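Okay, here's what each chain looks like letter by letter:
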Amino acid sequence: MKRIRGSSSSSSSSMARMIPFRMWLRTSISISISILVWIQCTDRTDAWLMPTSPSPSPLLLVANNRVKQQGVVRPHHSQTFPVPHHHSIQRSSNSHSHSRTRSTRTLLASASASASLQQPQEETVKNMFQSSLYQDKPIVLIGASSTTDSDSDGSRDELHRLANHWVSLFDKKETAGTVWNYWEHNDSPSRPTSSSSSHSQGLYDKISSSSLTPRDVIVLDYTSCPSACQAEELQEVAKTLYETHGLLSIYVNVQTREAATATTTLTSNHEDGSSLGGLEEEVFLPYSDYELCIQTTTDQHAAAQDAELEWEHTCWELQRLVGRALLPPAIPGSSTDESSFNSAHLTMGPQTFFVSCTLPEYNITCRPSLDHGTRDFMENVCQDVDAVEFRADLLTRRENRFQILYQQQWLRRRCRPHAIRAPFLPLLDTAGLEDVMPLVFTVRSDSQAGTFPTSQHQPLLWDLLELGLRSGANVLDVECSWDKDQTDRLLSLSEARYASQILGSHHVVGNVEPTTLFEAVELFESCSFQGRAHGTKVVLSMPKNQGGDNNSNSNNNNNDSIYLAKQAGEMAASVARSQGRPVLPYIGLVLGEEGILSRVANERFTPVTHDAMGKVGAPGQMTASELITIRLLTGTTLRPKAFCILGRDISKYTASPNMFGAAFAATQLSHEFYLADFTSLSDFLDSDLWQGDNFGGCSVTIPYKQAIVPHVDVLSEAAQAIGSVNTIVMQDTIGDTEIIRQVHGHNTDWMGIYRPVARHLGRRLYDTSTTKNVLLLGAGGTARAAAYAAQQLWGSNHTNIFVWNRTPEKAVELANAFGGTVVTELSEDAMTRLLDQQMDPNNNYFSVILATVPAAANLELPTAAFRNRPVVLDVNYQPWDTKLLIQAQAAGCSIVRGSEMLWEQGVGQFELWTQRTAPYKMMKEAVLDACLNNVHQDDDSSELPIVDAEIEGDSSLDEVADASLPPPSPKRYAILGHNIAYSVSPQMHNAAFEANGLPHTYGRADVETVDEFICGELWNAPDFGGCSVTIPHKQAIMPHLDELTEAAQTIGSVNTIIVSQKKASSNDDDDDDEGERVLVGDNTDWKGIYSSVKRKLSTDTSSSEGGYALILGAGGTARAAAYAAKRLGLTPIYYNRTPNKAVVLAASFGGSIVTEIAPDGQEDDVDEKEEETPLILNRAWFKDKDKKNIRVVLSTLPAAVGFTLPNWMLEEKDKLIVLDVNYKPYHTPLLTQATEKGCQVVRGSEMLWEQGVGQFELWTQQKAPYDVMKEAVLASCLPEME
């Protein structure tokens, strides 16, 4: 059984090497205290859970009742199973069978956490903007652009530019969006400039008839208002749209940089005496729900530097605001079983952290010195936390509403590239957003450890909190001690119009009397706002008189205080559960250094600091890394668990280990994921993995999805309806005198089908005016999940399911179970008869086609099935393009690949296992990584084919352009990247174009995000010929391309884009799209490495003789290096500072991982670790490896790292080749060392021109002028030597 680690290390000693000395010292002290205190606490709680008096505790009674309601503890689950000796399991250490029943003392902490997540479900809460209710209304942008006299690029007409960007998101959809400028109606551009009630009524009628959708935008731009028009008309129209028609209105607050930095108030940003100040108070603010800030400047030089980057993020902010507005509201007490996109139990789940930001300001418009620090800070902090707390009370200008909003936007802009834990944010029928780092909006009062003077500025306080809602904050912190009437008004506003989660909080500060347990429980009750909050937070203080006495009695009091908040939170949850009220996630802490251990014990949404901040947000705060380390070492609230995928013959195709390994690594959970490949289910049930105390659950695939059901204690509603289980979750339940492990069975396959199909359906998802037809291909276990998903789309009363299967008997069984109709034939005539004779004439087409048959069936459908372009899903993720999907794409249908279903259902599994938000982006990338790497590969996935023909060049390429042909049209090329002033690609390619007599040009496209380039002029220009792609966009560009070559798919990144023209197919009836441009992604990085190294290899070293290639780094270029190494016949060894990335690399290309390279003097030490493969690279590493050694070192690390190898690795200098991909500086420290030792070296400049040759020939179909390109590169690189 193969193991995929979720963390970079599993032992305390290895963790000790990874953390700073200050932290280790602090940790060591904390460990000793924590273990003693935890034992004392669990001893006391044992007595509390098992009282000697006749009256059991309320917690025990509630827990017992819940167990009886939810499932029966089966007797066979308490017996001891023998440990089989099965070849499928390969563990690093022997495990023994354990009883299913364990002592209360052992499992108290995990049981109480698990119990707190079980609660009665509340009735669904709705707000007026959630997508299911708001699918036949447009959105409104209201405000005043800086001017309608647009610059050459239109940059001044802000509201209309935003509106045009919004509708452009739907250009490729069946119904594109429309921009409705109230002052210049599209249908009446010559409308008189005076007020026109008939014009207003025409717009109102359009809205009332449901002719407009959220794809459409109504623009109320006061700046474009005709001179004869009065502000009263603007107010009247805005009020009618907002109040009468209930439209989602966003105030676009446009300010110059100079005005934005002026002293203004929260109620108005316009203090310049202009009419805009009055309009903001009377129109813009009252008749809008959300607010988006745009900052302009009169400094043209500054504008040119940052305008495009700023605008791209502004467009992204608009998408985020609309996405947040259309979300279903969070339901207080909703369980993670629902896997909602807006669940507080996930946002505030176990082992989640939010960093308390204490900066007085974030954006650089006023303090440019903050820019570099903010960038570095956010890059580092986003790797460790799940959310960022925006402390509005700490801002220098907390009375300036524009600055408060704009600085949140700035903070999100800095988070976006690094938000690896961000949840997915759906957005209409677009691809959604994957990079939205949640923000906690906090105004901490001066009486509760904050700085805001509530006693003096009560009105300002509520304006600030409402501003948090208007900004679309994920979580709004509301203190329970504030004015009750105002709090009620704020909560009512949030419930009616917003999707923010409310975190009720209270801080007990100062030298106060000790808080009793009863008082602490009451504080949690108050923070719940009678069940209207979504989470609660109580922070207590330890009275100073308890800290100075060293007697044992005082120590016991100390321990009571440390864990009092946590115990009170547990008891408050128990009381709520017993009364049928929502059970909320809770945060229980103790302030100050004395309360450090309370932060260790707190399981959910712990506030932390970060080393990059310079100071802590509150006394006693620790970093997330420190807390994780202590929790692991003490085993208090974080225990590593074992998960697996259970199936038969799954090792060659499953991508689950990659996906969950990446997810555990991103969230820093030290869980392990195994391949459990068993020939019989009974062997698995008898295995030490299933029987182990640390077994957390598993994915289940064929052939065990139905066979596992009898061994499950509790089945979810979906699993019962579908009749199969794809997810096992182990949950510990409190029994009378012991903790009993229950087996819960779920099915997330239907979620994997439902979610992507729903996104592609868009508005059609909410159309129940007619019954929808779904064609279901197959009748197995996955087909049942597909049928269940189909019914969830429109409801069983609005869905007709047509089932086809190769064996009709199974189709009949499935149709009977879900109320469907059996289809017996898939011929063209039979399909036409089905559509035209058995369906409603007004709805004689399929809205969705769901294929669950094996890819090997090579199923294709008659063309009539694609009438009206249904959404087509194929559950197979290998091959990448099944015949059905190719056919559907050619018919113009939206398609959903099995890979998308895989990561969507995996997100559901991860959240069920961990009870926290899944790192959506990382799981998606891991699946794509695994799936793309297998496209067009041989059955033997351990070896990649060697294709030398691609390297040696294509003989069909012309040396130069054919003189008999007309000269080619001038084209523009560029290198796409960020901070690429150093690049010599323009010199290289421009010299090549000139040498071959081509009229093309090559420049730089320096952008921070890919979206900026996609929205830019060059990408959309008719003379765009293609581009090189460098960091950080090599992977981000892939979704925007039409085709990927085999190399790009396997490597998982693109460094070359080729623009070609689509040709008509011989079987196409419609040739309208002939000549349409096709964007092809390729990767020539590997060619640059391959060609450079191959020339250096000794003539007596053939690929068949083998050897090792040490690859340094694990980024996109490292993938190209691994791809090249395989083609050189070398076995990769991966070394990277963060081993979890190397794990993904090894899973993709094979090879080994090392976490440490032995320094000189320790190369002969024997690694005593009992691992399958030693993790320290030394001489012992090569024993039993046929005496093969490292032949090539391929370094993809940044030159600034200054990496060098220990000298013992360079002893065989005549046989070692060292390549460094960096071409500036010309002499990197590694190459300097290798040269001095006599090794053969390959500089990055050589790789550069080699891969550039490949790019040139792909673009021009001509032979590249090799020497010219080489000289151009050297001419640019060699001056670095001086």
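Here, every reference points to the structure presented above.
Residues numbered from 1 in each chain as written. Predicted model: local features only at pLDDT ≥ 70, side-chain atom pairs only at ≥ 80, totals over all residues. Heavy atoms only, no water.

Q: Would you take a moment to explain the nonpolar core for this structure?
A: Where a protein is soluble and globular, its nonpolar side chains tend to be buried together. Counting 178 residues, the largest nonpolar core has Leu220 and Ile1037 as the members making the most contacts within it. Excluding its chain neighbours within four sequence positions, the residues that come into contact with isoleucine 1037 are Leu976, Val1010, Ile1014, Trp1019, Val1029, Val1054 and Ile1057. Residues Ala783, Tyr788, Ala815 and Met901 belong to the second largest nonpolar core, which totals 34 residues. (Core = buried A, V, L, I, M, F, W, Y, C linked by side-chain atoms within 4.5 Å. Buried < 20%, exposed > 50% of the residue type's maximum accessible area, 1.4 Å probe, protein only. Contact = heavy atoms within 4.5 Å.)

Q: Help me understand the pairing of strand 39 (residues 1190-1195), please; the structure alone is not making it clear to me.
A: Every regular strand shows the same layout, with side chains that alternate between the two sheet faces. Judged by how many residues are buried, strand 39 sits mostly within the fold: six of six residues are covered. Of the strand pairs in this sheet, strand 39 and strand 40 (residues 1217-1220) are connected by four bridges, and their pairing is parallel. Following the sheet pairing, valine 1192 is matched in strand 40 by isoleucine 1217. (Helix = DSSP H or I, 4+ residues; strand = E, 2+ residues; numbered from the N terminus. Pairing = 2+ DSSP bridges.)

Q: Honestly, the packing of aromatic side chains in this entry has me stumped. Any pointers?
A: Two aromatic rings are characterised by how far apart their centres lie and by the angle between their planes. In the structure shown here, the tally under the stated rule is 35 aromatic pairs. Aromatic pair tryptophan 166 and phenylalanine 170: ring centres 5.5 Å apart, planes at 75°, arrangement edge-to-face. Overall, the relative accessible area of 0% leaves phenylalanine 170 in the buried class. An angle of 45° between the planes, with centres 6.3 Å apart, marks the rings of phenylalanine 673 and tryptophan 913 as tilted. Within this pair, whereas phenylalanine 673 is found in strand 17 (residues 672-677), its partner tryptophan 913 is found in helix 29 (residues 898-914), the two being separated by 240 residues in sequence. Exposure class is identical for phenylalanine 673 and tryptophan 913. Each is buried. Cluster of aromatic residues (ring-pair linked, three or more members): Phe643, Phe660, Phe664, Phe673, Phe910 and Trp913. The aromatic ring of tryptophan 1019 is capped on one face by arginine 1077, whose charged end is 5.7 Å from the ring centroid. (Phe/Tyr/Trp six-rings, centres within 6.5 Å; stacked < 30°, edge-to-face > 60°. Lys NZ or Arg CZ within 6 Å of the ring centre and 35° of its normal.)

Q: Hey, could you run me through helix 24 (residues 749-761) in this one?
A: Residues spaced three or four apart along an α-helix face the same direction, because each turn holds 3.6 residues. In this model, helix 24 (13 residues) spans 19 Å end to end at C-alpha, consistent with the 18 Å of a helix rising 1.5 Å per residue. Counting buried positions along helix 24 gives eleven out of 13 residues, so the element sits mostly inside the fold. The complete set of buried residues in helix 24 reads Asp749, Trp750, Met751, Gly752, Ile753, Arg755, Pro756, Val757, Ala758, Arg759 and Leu761. One or two positions beyond helix 24, positive phi appears at glycine 762, with a value near 60°. (Expected span 1.5 Å × (residues − 1).)

Q: I would appreciate a short explanation of helix 19 (residues 624-634) in the present structure.
A: Here helix 19 lies mainly inside the structure; nine of its eleven residues are buried. Of the positions making up helix 19, those classed as buried are Ala624, Glu626, Leu627, Ile628, Thr629, Ile630, Arg631, Leu632 and Thr634. Glycine 635 sits one or two positions beyond helix 19 and adopts a positive phi of about 65°.

Q: Help me understand the sheet that holds strand 23 (residues 799-804) in this model?
A: The pairing of strands in a sheet comes from backbone hydrogen bonds and takes either a parallel or an antiparallel form. Within the open sheet, the six strands sit side by side as 24-23-22-25-26-27. Their pairing is parallel. Each having just a single partner strand, strand 24 (821-823) and strand 27 (895-896) make up the two edges of the open sheet. Here strand 23 runs beside strand 24; their pairing, made up of three bridges, is parallel. Paired with valine 803 across the bridge in strand 24 is valine 822.

Q: Would you mind going over the side chain of serine 505 with me for this structure?
A: The residue serine 505 is located in strand 12 (residues 501-507) in this model. Among the polar contacts made by the side chain of serine 505, one reaches the side chain of arginine 444 at a distance of 3.4 Å. Setting aside anything within four residues of it in sequence, one finds serine 505 in contact with Arg444, Gln448, Asp477, Val478, Glu479, Cys480, Cys527 and Lys537. (Polar contact = N/O pair within 3.5 Å; in protein donor to acceptor, adjacent residues only side chain to side chain.)

Q: Would you take a moment to explain the environment of arginine 1119 for this structure?
A: With respect to the helices, strands and loops of the structure, arginine 1119 is situated in helix 37 (residues 1116-1127). According to the relative accessible area criterion, arginine 1119 is buried, its value standing at 4%. Taking the C-alpha atoms as reference, arginine 1119 lies 9.5 Å from threonine 1196; in sequence the two are 77 residues apart. Here isoleucine 1051 takes part through its backbone oxygen, which lies 2.3 Å from a polar atom of the side chain of arginine 1119.

Q: Explain the sheet that holds strand 6 (residues 248-256) here, please?
A: On the basis of which strands lie adjacent, the open sheet formed by five strands has the order 4-5-3-6-7 and parallel pairing. If you trace the sheet from one side to the other, it starts and ends with strand 4 (179-181) and strand 7 (290-296), each paired once. Across the sheet, the mean angle from the axis of one strand to that of its neighbour is 25°, orientation sign disregarded. (Axes fitted to C-alpha atoms, helices over the stretch in contact; angles between N-to-C directions.)

Q: Please explain the pattern of salt bridges as it appears in this structure.
A: For side chains of opposite charge, pairing can occur when their charged atoms come near one another. Applying the stated criterion across every chain, the model contains 34 salt bridges. Here arginine 1119 makes a salt bridge to aspartate 929, at a shortest N to O gap of 2.8 Å. Of this pair, arginine 1119 sits in helix 37 while aspartate 929 sits in helix 30 (residues 920-933); the two residues are 190 residues apart in sequence, bridging distant segments of the chain. With relative accessibility at 9%, the residue aspartate 929 sits in the buried group. Here arginine 1095 ties to glutamate 1246 by a salt bridge, and the two come within 3.0 Å at their closest N and O atoms. Note that arginine 1095 is positioned in helix 36 (residues 1085-1096) and glutamate 1246 in helix 40 (residues 1244-1260), a separation of 151 residues in sequence. Note on arginine 1095: relative accessible area 48%, which makes it partly exposed. Salt bridges here are not isolated pairs; linked through shared partners, they connect Glu310, Arg413, Arg414 and Glu1008. (Salt bridge = Lys/Arg side-chain N within 4 Å of Asp/Glu carboxyl O.)

Q: Sorry if this is basic, but what is going on with the state of the cysteines here?
A: What we call a disulfide is simply a covalent bond connecting the sulfur atoms of a pair of cysteines. Applying the stated criterion across every chain, the model contains zero disulfides. For cysteine 527, which is in no disulfide, the shortest distance to another cysteine sulfur is to cysteine 480 and amounts to 3.8 Å. Free cysteine cysteine 644: the closest other cysteine sulfur is in cysteine 698, separated by 4.5 Å. Using a relative accessible area of 0% as the deciding quantity, one classes cysteine 644 as buried. (Disulfide = S-S within 2.5 Å.)

Q: Would you mind showing me how to read the packing of helix 36 against helix 37 here?
A: The packing of two helices is summarised by the inter-axis angle and the distance between the axes. Close contact between helix 36 and helix 37 brings their axes to 8 Å; oriented N to C, the two are set at 45°. Judged on the interaxial angle alone, helix 37 and helix 36 are oblique. Of the two possible hands of crossing, helix 36 and helix 37 adopt the one that is right-handed. Contacts from Asp1085, Trp1086, Ile1089 and Tyr1090 in helix 36 reach Ala1120, Ala1121, Tyr1123, Ala1124 and Arg1127 in helix 37. (Parallel < 35°, antiparallel > 145°, perpendicular 65-115°, else oblique. Left-handed = near helix turned anticlockwise from the far one by under 90°.)

Q: I tried to follow the pairing of strand 18 (residues 695-700) on my own but got confused; where do I start?
A: Buried residues dominate strand 18, accounting for six of its six residues. Where strand 16 (residues 642-647) lies against strand 18, five bridges are found, and the strand directions are parallel. By the bridge assignment, alanine 642 is partnered in strand 18 with phenylalanine 695. Taken together, the three bridges between strand 18 and strand 20 (residues 727-734) define a ladder with antiparallel strand orientation.

Q: Even after reading the chapter, I still don't get empty space enclosed by the protein, so can you show me in this structure?
A: Vacant regions in the atomic arrangement are exposed by a probe of water-molecule size rolled over the atoms. Under the counting rule described, the total for this entry stands at 14 cavities of 30 Å³ or more. The volume enclosed by the largest cavity comes to roughly 350 Å³. For the largest cavity, the lining is made up of 27 residues, of which Phe341, Thr347, Pro423, Phe424 and Thr917 are closest to its centre. Contributing elements (two or more residues each) for the lining of the largest cavity: helix 11 (344-347) and helix 29. Per-element tally for the lining of the largest cavity: the top contributor is helix 29, with three residues. Partitioned by chemical class, the residues of the lining of the largest cavity number twelve nonpolar, eight polar and seven charged. (1 Å grid on protein atoms, 1.4 Å probe; cavity = no way out; pocket = protein on both sides within 12 Å on 5 of 7 lines; lining within 4 Å. Points joined across faces, edges and corners; volume = space filled by probe spheres on them. Nonpolar A, V, L, I, M, F, W, Y, C, P; charged D, E, K, R; others polar.)

Q: Explanation requested: the environment of glutamine 1049 in the structure shown.
A: Here glutamine 1049 shows up in helix 35 (residues 1046-1051). Sequence-wise, glutamine 1049 and methionine 1038 are eleven residues apart; in three dimensions their C-alpha atoms are separated by 9.4 Å.

Q: What is the right way to read the packing of helix 24 against helix 29 from this model?
A: Where helix 24 contacts helix 29, the axes come no closer than 7 Å and their chain directions differ by 120°. In terms of their interaxial angle, helix 24 and helix 29 are classed as oblique. Between helix 24 and helix 29 lies a crossing whose hand is right-handed. Every residue of helix 29 that contacts helix 24 at Asp749, Met751, Gly752, Ile753, Arg755, Pro756, Arg759 and His760 is listed here: Glu900, Met901, Glu904, Gln905, Val907 and Gly908. Residue classes in the contact of helix 24 with helix 29 are distributed as five nonpolar, four polar and five charged.

Q: Got a minute to help me understand unusual backbone geometry in this structure?
A: A negative phi holds for most residues other than glycine; trans holds for most peptide bonds. With omega at 5°, the peptide bond leading from glutamine 878 into proline 879 counts as cis. Examined against the element boundaries, proline 879 turns out to sit in the loop between strand 26 (871-874) and helix 28 (883-890). In the segment running from isoleucine 1031 into proline 1032, the intervening peptide bond is cis, with an omega of 10°. Within the fold, proline 1032 resides in the loop between strand 30 (1024-1029) and strand 31 (1043-1044). Unusually for a residue other than glycine, glutamine 1261 sits at a positive phi of about 60°. Inspection of the secondary structure puts glutamine 1261 in the loop between helix 40 and helix 41 (1266-1277). By relative accessible area, which is 45% here, glutamine 1261 ends up partly exposed.

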